[in-house]
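Here is what each chain is made of, one letter per residue.
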Amino acid sequence: MKISIGSDHAGFEQKQQLVEYLTGLGHEVIDHGPDSDERVDYPDYAVKVAMDVSFKRADYGVLVCGTGIGMCIFANKIVRVRAANVTIPEFAELARAHNDANVVCLSGRFIDIDTNKKIVDVFLSTEFEGGRHAQRLAKLLPLERTGA
Ligand code: RB5
């Protein structure tokens, strides 16, 4: 799979570990940085990853900041992106199965790396269930067109 990834300073350490982990699993990883833990603004990285997913340059996006919340807020402003802030593996499964999430936003400060690796594993391996969930997600389309 092709995976676009980014973080801010708070998520940098785990982002580095996730790049290595995902590459080791055979995925093609687009790393949008940053390249150090110097302070940066998370919106800049959230938007780069979200644009990759929106324009199908990547199958999925992974974002890591302190909580995952700021990244998620910004990624969801990009059309066709359904970003989920996930802190337990069970929510990773539901975010894919029910919400067809295409970007997972992780907490680098409150969730340990092993749990975040598990979250990413589950996220990437769970299929969208479609059916009634697709009917609900279709209600996003007019909102994306008009913003209201
Ligand atoms: C940075 O201090 C922190 O605000 C950021 O990483 C993130 O948690 C925002 O949602």
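As the structure is a prediction and not an experimental result, all values here were calculated from the model.

1. A few points about helix 1 (residues 12–24)
Taking 1.5 Å per residue, 13 residues should reach 18 Å; helix 1 reaches 18 Å between its end C-alpha atoms and fits that length. Residues F12, Q14, K15, L18, V19 and L22 constitute the buried set of helix 1. Along helix 1, the residues classed as buried sweep out an arc of 150° about the axis, all on the same side. Exposed residues lying more than 90 degrees from the buried face of helix 1 are E20 and G24.

2. So, the site of the ligand
Taken together, D8, H9, A10, Y42, C65, G66, T67, I69, G70 and R109 make up all the residues around the ligand. Here T67 contributes a backbone N or O atom positioned 3.0 Å from an oxygen atom of the ligand. Considered on its own, the ligand offers 290 Å² of accessible surface; in the complex 71% of this is hidden by protein.

3. Considerations on the packing of helix 4 (residues 89–97) against helix 5 (residues 113–125)
How two helices sit against one another is set out by the angle between their axes and by the gap between those axes. Two elements in contact, helix 4 and helix 5, have axes whose closest approach is 8 Å; the angle formed by their N-to-C orientations is 20°. With respect to each other, helix 4 and helix 5 are oriented roughly parallel. Between helix 4 and helix 5 lies a crossing whose hand is right-handed. The segment helix 4 lies against helix 5, with P89, A92, E93, A95 and R96 engaging T115, K118, I119, V122 and F123. The residue inventory of the contact of helix 4 with helix 5, partitioned by class, reads 6 nonpolar, 1 polar and 3 charged.

4. Regarding the environment of G26
Counting through the fold element by element, G26 comes out in the loop between helix 1 and strand 2 (28–31). Here the alpha-carbon distance between G26 and D41, two residues 15 residues apart in the chain, equals 30 Å.

5. Considering unusual backbone geometry
For the bond running from G33 to P34, omega is 10°, close enough to zero to count as cis. Locating P34 in the fold gives a position in the loop between strand 2 and helix 2 (42–54). Although it is not a glycine, R80 adopts a positive phi angle of roughly 70°. Its place among the elements puts R80 in the loop between helix 3 (69–75) and strand 4 (83–85).

6. Describing the packing of helix 1 against helix 5
Helix 5 packs onto helix 1 with a crossing angle of 45° between their chain directions and a minimal axis gap of 11 Å. The angle between the axes of helix 1 and helix 5 places the two elements in the oblique class. Of the two elements, helix 1 crosses helix 5, and the hand of that crossing is right-handed. Taking contact as the criterion, the partners of Q14, Q17, L18, Y21 and L22 in helix 1 are, on helix 5, I113, N116, K117, V120, D121 and L124. A per-class count over the contact of helix 1 with helix 5 returns 6 nonpolar, 3 polar and 2 charged.

7. Quick word on the pattern of salt bridges
All chains considered together, the criterion is met by 5 salt bridges. Its salt-bridge partner being D52, residue R57 comes within 2.8 Å of it at the nearest N-O pair. The partner of R96 in a salt bridge is D100, and the shortest N-O contact between them spans 2.8 Å. Three or more residues joined by partner-sharing salt bridges are found here, namely R82, R96 and D100.

Definitions and limits used
Residues numbered from 1 in each chain as written. Predicted model: local features only at pLDDT ≥ 70, side-chain atom pairs only at ≥ 80, totals over all residues. Heavy atoms only, no water. Helix = DSSP H or I, 4+ residues; strand = E, 2+ residues; numbered from the N terminus. Expected span 1.5 Å × (residues − 1). Buried < 20%, exposed > 50% of the residue type's maximum accessible area, 1.4 Å probe, protein only. Arc of directions from axis to C-beta. Near = heavy atom within 4 Å. Polar contact = N/O pair within 3.5 Å; in protein donor to acceptor, adjacent residues only side chain to side chain. Areas by Shrake-Rupley, 256 points an atom, 1.4 Å probe, with all protein chains shown as cover. Axes fitted to C-alpha atoms, helices over the stretch in contact; angles between N-to-C directions. Parallel < 35°, antiparallel > 145°, perpendicular 65-115°, else oblique. Left-handed = near helix turned anticlockwise from the far one by under 90°. Contact = heavy atoms within 4.5 Å. Nonpolar A, V, L, I, M, F, W, Y, C, P; charged D, E, K, R; others polar. Salt bridge = Lys/Arg side-chain N within 4 Å of Asp/Glu carboxyl O.

Nothing here speaks to function; it is geometry throughout.
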